[in-house]
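# Examining the three-dimensional arrangement
Next come the chains, spelled out residue by residue.
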Amino acid sequence: MTQKLQDEFDSSVENAEAWMKAIQERLRINDNTNGPRSALEARLRETEEIRALEPEGNLKMDLILVKADAALRSIGEDKKHEVLSKLKDIKALWEETAIYITHCHSRIEWVWLHWSEYLKAQDEFHAWIHHMRVTLEPDIELQLGLKEKQWQLSHAQVLLNDVLNQSVLLERLLEEADSLFSRIGDPSVDEDVQKKMRMEYEGIREEAQSRVKLLEKITKEHEQYNANVNQFQLWLNGVTERLNCCIGEATKSSAEDKLKALKEIAKNIRSGGKKWKHLEIQCAEVIQNTSPLGAERMKDELEELRKALEMLKLLSSEEEERLLKIQESESAYESQAKQLEADVQDLRKDLQRLENYLEPGEGEKTEDEFVNLWRKCNATRAALAAEESTVERLKAQLKELLRFSPDVQPHAESVVSAIQQYESVRGKTSKMSADTETQLRRLFQNPLQDFEQWKPSVQMLLETPEPALAHIEAALAESSQFNEKLMTLQLKKDLLNNILGEEKAKSFLQEVAEASKEREIIHTSLLQSKSKLQNLIAQHKDFDAGFAPLQKKLSAIKAKLDLEKEPQPDLLGKKTQLQRLQMIRDDLAELGIEMEAVEKLVQSNTTHRHEMNQLSSDSQALKRSLELMIKQSEEHVQKHWAYNDKLSDLQRWITVTTQKIDSYQDVDGEQNTEGRVADLERWLAEFPDKEVQLHLVEAHGQLVMENSSPEETAHVQAELDQLKQSWRSLKEMATGLLKKWQLNRPVADKKKKITFVDSRWMSGPTFRHLDTYPNHKQEEIEGQHTSSHLKLLHDFEEWLQGENNKLTKILAVTSYSAEEIKARQSKLEELQSRVPEGQSLFEDLLDLQPVFGNSEDLEDLRYRWMLYKSKLKEYMSSPSPVSLEEPDRFRKGKAFTRM
């Protein structure tokens, strides 16, 4: 029995020892904080599991103690020492294991928690970095004035302080990262990550500092500008006060003293102009960093200062002139006499200079010399006309001298002599101008006369059966010379208008244009004749010599055509593009003539004939493409014209109607209210058609924008927006005025109740007069009408939807032959014939409308009915399906719904 207890004790000690060593081995394996977070988390779970086994170890120790106690009671004293020694060793081992469990788990758990806190702080740091980037990323917003800029600077400084305060948290975070890296060695907290965090922070700090620096500069510039403006205002007030002292009649200073003071003030005002210029330059710099509204205010403020300065300058100069006149009156006669003699001498010198300038020179003159002489005559006549005021002034000065002294004979003789010289020079100038114009008329007629003389000889040359190629080429050269002369005459339209007069110049230019057309016909005939002769000569030459230029010319025409595919920015660009396309068509026609000449050389050569056929096919394809582009360009021009016309008409109507309604805005009194209401109702009757016209203008604008450049599209859209804004303003003005008058009607008119309908300004009556019933009778009538009204509303809506669907199907077809166009028109006429039926249904619906019913549904139906009629009318008047497209976007956005 003793041996069994001894064995059980030894067995329990061995088992416990083996279990503890196994636990220590597991702890040793997991006692490491290095590595990624997932590994650390796995170790933490493992230590938690080991820690959970600690109660099991306590049970094993309790078992050992029980076994040891039993063994100690049953064994002798000599073996007790051995049992106690083993018991002591196993207790020490368990204590060591328990401590190891606690320390290992605590260490790993501490690193885990430390890492978690670091990651949380890092996330907060990155969130702050992102927030600051989002805050600092947008450009600095322009502010209205100095106060707003100071607020903006203050806000930026607050942001900068926040950034600077964040540096302490960053340093703490980096210290934590460094400490954590020394424990775990994970790359997520190594030096590169720490450097990246520091760089991100420094980038934010630099951005915030640069923003504050820029805003400080902007604010300082505005503060300096405001200070200069205030200083200038103070200076302006001071100069104004000094000027008032000089101008005041109560001052006892002499005129001479006042003049000195005024000169000093004028000097100050000139220096003030420099100051204002400096303010203007400074304002331009400040405006660059100011919002548009703030810039406008600054400009207005600067303009007010300029006006005040100009007014000050004007007052100073006027007062100075007044004082000078007072001084000059003391020596009026002497000064005026001297001035008169000086003016007479100046006039004589000017007349002599003009007479010398007008010398025609010797010998025959060319056309340019005659033109220069004619221009000299005109310049001289203009100068003499300008001197006429001088002559009149001399007469006036002579009369002025008579007020001071009757003895002005010497001055009178001098003035009369100068006037005689003036009349002589003017007569000579008129005669020379007339002679020069006669010579120029003769020179202008020479090219037409020479052309008329040359024309019969060329006709005889063309009628010759086999003319010489040299003669044809000579005639072509002469034709080119005549073309140059005729073109030169056409370019001298302004000169011809000045010399011949508008009517004669117009007639002469028509003759020149007719001669140009004749020359073109003759030139074409000469080219054809030359081509025929060259074909006869070139029949025995290489085909490629004639074919290659045709290919190059066709390629050049194709390149020109490709350049014309870009949308044009405005109507003038579209018209110019159409002209260029027509010029390309002329080039293509000329190429066709040359191709016909070359085709005669390939009749017997299969290879050349194939190449020529291919070139002809390419030419025809290019011609079709060109004709299509010309047709499209013409349509674009027509659509742009239509848009401009309709837009101008509607803008004029809105302007006139606005002026009419605005003239009633400030009219008070009730004596003519009925007449004004009648006028307003008459004007409102025009609103439905004009709203249809507004939608048509929008549709035309959309068509124009589809075929225009982005710049023109933005311009047209701005015009449409402005037009719609004007329309809305006009409607609001009319509505407000009408409601105002309704409230101010006399008591006698209250026997009838007026209900305002048609808030969208559709067709139909604008006012309905309903007899005023007692309340209980009114309720009975409304109850009787409501059911009928709803049924008619439903029936008319279904009928209108069906008719609109039919119209949509008719307009859905995009390609038409002549028969299809006729059938389409017939179908549209059939729909038009049913419009009276629909109008009758709609009027019945209006007659049964409940007084307090759902007027919004009825107005919506009224709008769709009006839109259907206007669209049908527009397409009925359209000559072809493509003359006017009204896209679906012209329809009202609200779909047909059950009321």
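Residues numbered from 1 in each chain as written. Predicted model: local features only at pLDDT ≥ 70, side-chain atom pairs only at ≥ 80, totals over all residues. Heavy atoms only, no water.

### Here we look at the overall build of the chain
Assigned secondary structure in the chain consists of 24 helices and two strands. Taking all 899 residues of the chain together, 36% fall into the buried category. Pairs at least 24 residues apart make up 81% of the contacts formed inside the chain by residues separated by at least 6 positions. Roughly 52900 Å² of accessible area belongs to the chain as shown, and the carbon and sulfur atoms make up 52% of that amount. (Helix = DSSP H or I, 4+ residues; strand = E, 2+ residues; numbered from the N terminus. Buried < 20%, exposed > 50% of the residue type's maximum accessible area, 1.4 Å probe, protein only. Contact = heavy atoms within 4.5 Å. Areas by Shrake-Rupley, 256 points an atom, 1.4 Å probe, with all protein chains shown as cover.)

### Observations concerning helix H22 (residues 818-833)
With 16 residues, H22 extends 23 Å from end C-alpha to end C-alpha; this agrees with the ideal 22 Å at 1.5 Å per step. By the burial criterion, the buried members of H22 are Arg824, Leu828 and Leu831. Buried residues of H22, seen end-on, are gathered within an arc of 55° and therefore sit on one face of the element. Those residues of H22 that are exposed and aimed more than 90 degrees away from the buried face are Ala818, Glu819, Lys822 and Ser833. (Expected span 1.5 Å × (residues − 1). Arc of directions from axis to C-beta.)

### Focus: the pattern of salt bridges
Under the counting rule described, the total for this entry stands at 21 salt bridges. Salt-bridge contacts for glutamate 171 lead to arginine 198; the nearest nitrogen and oxygen are separated by 2.8 Å. Highlighted residues: glutamate 171 in helix H5 (residues 146-184) and arginine 198 in helix H6 (residues 191-247), separated in sequence by 27 residues. For glutamate 171, a relative accessible area of 34% translates into the label partly exposed. Put simply, arginine 585 and glutamate 627 hold a salt bridge, and the shortest N to O gap is 3.5 Å. Taken together, the residues arginine 585 in helix H16 (residues 571-599) and glutamate 627 in helix H17 (residues 606-663) connect sequence positions 42 residues apart. (Salt bridge = Lys/Arg side-chain N within 4 Å of Asp/Glu carboxyl O.)

### Comments concerning a nonpolar patch on the surface
Residues Met311, Leu314 and Leu315 make up a contiguous nonpolar surface patch of roughly 250 Å² in combined accessible area. A relative accessible area of 40% places leucine 314 in the partly exposed class. (Patch = residues over 30% accessible without salt bridge, like charges linked within 9 Å, V, L, I, M, F, W, Y side chains within 5 Å.)

### Observations concerning a negative patch on the surface
A surface patch of negative charge is lined by Glu175, Glu176, Asp178, Glu191 and Asp192. For the negative patch, the elements supplying multiple residues, two or more each, are H5 and H6. Looking at the negative patch, the element that brings in the most residues is H5, giving three residues. As for its placement among the helices and strands, glutamate 175 is situated in helix H5. (Lys, Arg positive; Asp, Glu negative; His and termini not counted. Charge placed at Lys NZ, Arg CZ, Asp CG, Glu CD.)

### Brief notes about the packing of aromatic side chains
In total, this model carries nine aromatic pairs according to the counting rule given. Measuring from ring centre to ring centre gives 5.4 Å for phenylalanine 232 and tryptophan 235, while their planes differ by 35°; the resulting arrangement is tilted. Here the residue phenylalanine 232 and the residue tryptophan 235 both occupy positions in helix H6, the gap between them amounting to three residues, near one helical turn. The class of phenylalanine 232 is buried, set by a relative accessible area of 3%. Among the aromatic residues, those joined into a ring-pair cluster are Phe796, Trp799, Trp865 and Tyr868. (Phe/Tyr/Trp six-rings, centres within 6.5 Å; stacked < 30°, edge-to-face > 60°.)

### Observations concerning the confidence of the model for the chain
Predicted coordinates in areas of low pLDDT are best not read in detail. The share of residues in the chain with pLDDT of 70 or more is 80%, and the mean pLDDT across the chain is 76. Across the chain, the element-wise mean pLDDT spans from 34 in strand E2 (residues 767-771) up to 88 in H6. In the predicted structure, residues 747-785 sits below a pLDDT of 50 and forms 71 contacts with residues beyond four places in sequence or in another chain. Segment residues 879-899: pLDDT under 50, and 48 contacts once partners within four positions in sequence are set aside and those in other chains are kept. (pLDDT = per-residue confidence, 0-100.)

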